[in-house]
Amino acid sequence: MTARSQILGWTGGTWTIFVKDFRSELRTRYALNALIMFVVTTLSIILFALGNESASAELLSGVLWIIVFFSAMSGLSRAFVSEEERGTVMTLHLIARPSIVYFGKLLFNLILLVMINLLTVVLYLTLVTNFVIRSYDVFIMTMTLGTMGLASASTIIAAIIAKANVKGTLFPVLSFPILLPLLLTVIKATQLSVDGAAFSQAAGEFRVLISYLLVIITTSYLLFDFVWKD
Amino acid sequence: MDELRVVGRKIKKSFSGRTIFSDVSFELACHEGLGVVGKNGAGKSTLAKIVAALLSPTDGTIDVEVSGEKVAQWRRHEFVGFVAPYLQLYEEFSAWENLDIFRRIRGLPISDKHILSLLERVGLALWKADTVRTYSSGMKQRLKYASALLHQPPLLILDEPRSNLDSEGIEIINEIMEQQVDRGILVVATNEKEDLQSCQQIIDLEIYA
């Protein structure tokens, strides 16, 4: 088998796993409904809590990422947990090599999180009056890199906890220390976007986020074989 | 695939300190079948999973060799077909969709006609568009055979092959087992003597407990 055909086969397999999960999600609404309800409910509670008070833009930047973090925690573990619960993990073992499974699931989590974060941001910008973005380029880059980092870390952690008995509790508990550097950086970068900072002023934060992304994806790829094997 | 060999060397499996079996060794060449027998709890399914690389042995090795070269574990799935009652398919998809997904994930250059002929072979062509959720347990078992044979595996592993099947289904799998020995290697884990007709070697796991 030539290198070209191997790469094409790998890409095709990864894409098929993503499409399978996406179509399955549209048919079963396994995670989507829970995620949408979580975002709507959490935002409503925040709006009620704020009432007529005007919170600072810095505080609201942090609150945005609280919503994003906890919506990721409620939805992104499904990529692997659903396979365990339905008993289809063995089937995946039989038809695909580990790297195809990992990157297919990563792609699914990434697209799912992009969709949910788009909804979150649109609602947040519309409904939270004191949260005004002055540097959209910084904000978009922050959301993009933050979403990618969140999806990457959540995917490998989901694979780890999928076999555990107390998955629901374990997922956020394991995720938080790993995601903490990402969260601190994206909150800071979001504050910069609210303050109207230039793109170059946020370059330091972007470098941290890109480095985080590369480290997490590389480590996950190397570890996944051991996590996936029984 | 005449150059195919499956070699198990002193395989041991323990769960939480309890040894299920140990020192299991065998060697299979092309056109050979291995029957794995034993009472309930002897480890038949466990050994079948180890051969399929679904489980790792506690000790010992299991190698699939092609022309003397060992196949890497991450490539074992290219050579193995596996059927078992506890194997699950994607119930929200139809039979056709399941096989199409497996075809694409495996990167197999096979046509829709091939998939249709497989479904006809296992007697599911009429229900190919129905979701697997609506299938009976016997129909699901037949679909598992279709998915296991999709890539024409040189090594076919069957755990309780006639589970949930009616007499017509049993005839189909008898034919599958005969054809598998004709072109490759067959491993059958079973309690039914009739399933061992294509097996030249038998391992009784009670001896290895």
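Residues numbered from 1 in each chain as written. Chains lettered and ligands numbered in written order. Predicted model: local features only at pLDDT ≥ 70, side-chain atom pairs only at ≥ 80, totals over all residues.

**Points about the pairing of strand β2 (residues 18-29) of chain B**
All names here are of chain B. The following threshold applies: Pairs of strands are assigned from DSSP output, requiring at least two bridges between the strands. A helix here means a DSSP run of H or I that spans at least four residues, while a strand means a run of E at least two residues long, and both kinds are numbered starting from the N terminus.
As judged from the eight bridges shared by strand β1 (residues 4-15) and β2, these two strands associate in the antiparallel manner. Each residue of the ladder has a partner; that of Phe 15, found in β2, is Arg 18. Where β1 folds back on β2, the antiparallel hairpin that results is connected by two residues, among which Ser 16 adopts a positive phi of roughly 45°.

**Comments concerning the interface of chain B and chain A**
Counted only if it meets this: With C-beta atoms placed from the backbone, a contact is any residue pair whose C-beta atoms sit within 7 Å. Under the scheme applied here, ten amino acids are nonpolar (Ala, Val, Leu, Ile, Met, Phe, Trp, Tyr, Cys and Pro), four are charged (Asp, Glu, Lys and Arg), and all others, including Gly, are polar.
At the interface, 18 residues of chain B touch 23 residues of chain A. Counting residues per element, the ones that place at least two in the side of chain B that touches chain A are β6 (80-83) and α2 (95-106) of chain B. The element contributing the most residues to the side of chain B that touches chain A is α2 of chain B, with five residues. Considering only residue class, the side of chain B that touches chain A consists of 11 nonpolar, four polar and three charged.

**Points about the sheet that holds strand β9 (residues 201-204) of chain B**
All names here are of chain B. What counts here: Interaxial angle, 0 to 180 degrees, is taken between N-to-C directions of lines fitted to C-alpha atoms, where a helix line uses only the stretch in contact.
Ordered in space as β6-β7-β8-β3-β9, the five strands form an open sheet in which the pairing is parallel. Unpaired on one side and paired on the other, β6 and β9 mark the two borders of the sheet. Ignoring strand direction, the axes of neighbouring strands in this sheet form an average angle of 15°. Sheet topology places β6 next to strand β7 (residues 155-159); four bridges connect them, and they run parallel. Each residue of the ladder has a partner; that of Phe 82, found in β7, is Ile 157. Helix α4 (residues 137-149) rests against β6 and β7 of the sheet, and its axis sits at about 175° to β6.

**Here's the deal with the packing of helix α1 (residues 3-28) of chain A against α2 of chain B**
Which entries qualify depends on this criterion: What sets the label is the angle itself: under 35 degrees gives roughly parallel, over 145 gives roughly antiparallel, 65 to 115 gives roughly perpendicular, and the rest give oblique.
Contact pair α1 of chain A / α2 of chain B: the axes reach a minimum separation of 7 Å and the direction vectors enclose 150°. By the angle class used here, α1 of chain A and α2 of chain B are roughly antiparallel. Side by side, α1 of chain A and α2 of chain B meet where Gly 12, Gly 13, Thr 16, Ile 17 and Lys 20 of chain A of the first sit next to Ile 101, Arg 104 and Ile 105 of chain B of the second. When its residues are assigned to classes, the contact of α1 of chain A with α2 of chain B shows three nonpolar, three polar and two charged.

**Quick word on α4 of chain B**
All names here are of chain B. Worth spelling out the cut-off: Between the first and last residue of a helix there are one fewer steps than residues, each counted as 1.5 Å, and that sum is the expected span. Three exposure classes are used, all based on how many other C-beta atoms lie within 10 Å of a residue's own C-beta (placed from the backbone): buried at 20 or more, exposed at 12 or fewer, and partly exposed between those limits.
Here α4 is 13 residues long and its end C-alpha atoms lie 19 Å apart, about the 18 Å a rise of 1.5 Å per residue gives. Every buried residue belonging to α4 is among Met 139, Gln 141, Arg 142, Leu 143, Lys 144, Tyr 145, Ala 146, Ser 147 and Ala 148, and all of these are buried. Tucked inside the fold, the buried residues of α4 contact β6, α2, α3 (112-121), β7 and α5 (167-183).

**With respect to the confidence of the model for chain B**
Short version of the rule: The predictor attaches a confidence to each residue, and that confidence, scored 0 to 100, is pLDDT.
Chain-level statistics for chain B give a pLDDT mean of 94 and a share of 99% at 70 or above. Here the predicted complex scores 0.92 on pTM and 0.91 on ipTM.

**Overview of the sheet that holds β2 of chain B**
Residue and element names in this part refer to chain B. Within the open sheet, the four strands sit side by side as β2-β1-β4-β5. Their pairing is antiparallel. Edge positions in the sheet fall to β2 and β5 (69-70), since each has one partner strand and no second. Against the sheet, helix α1 (residues 44-51) engages β1, β2 and β4 (59-66), with an angle of about 130° to β1.

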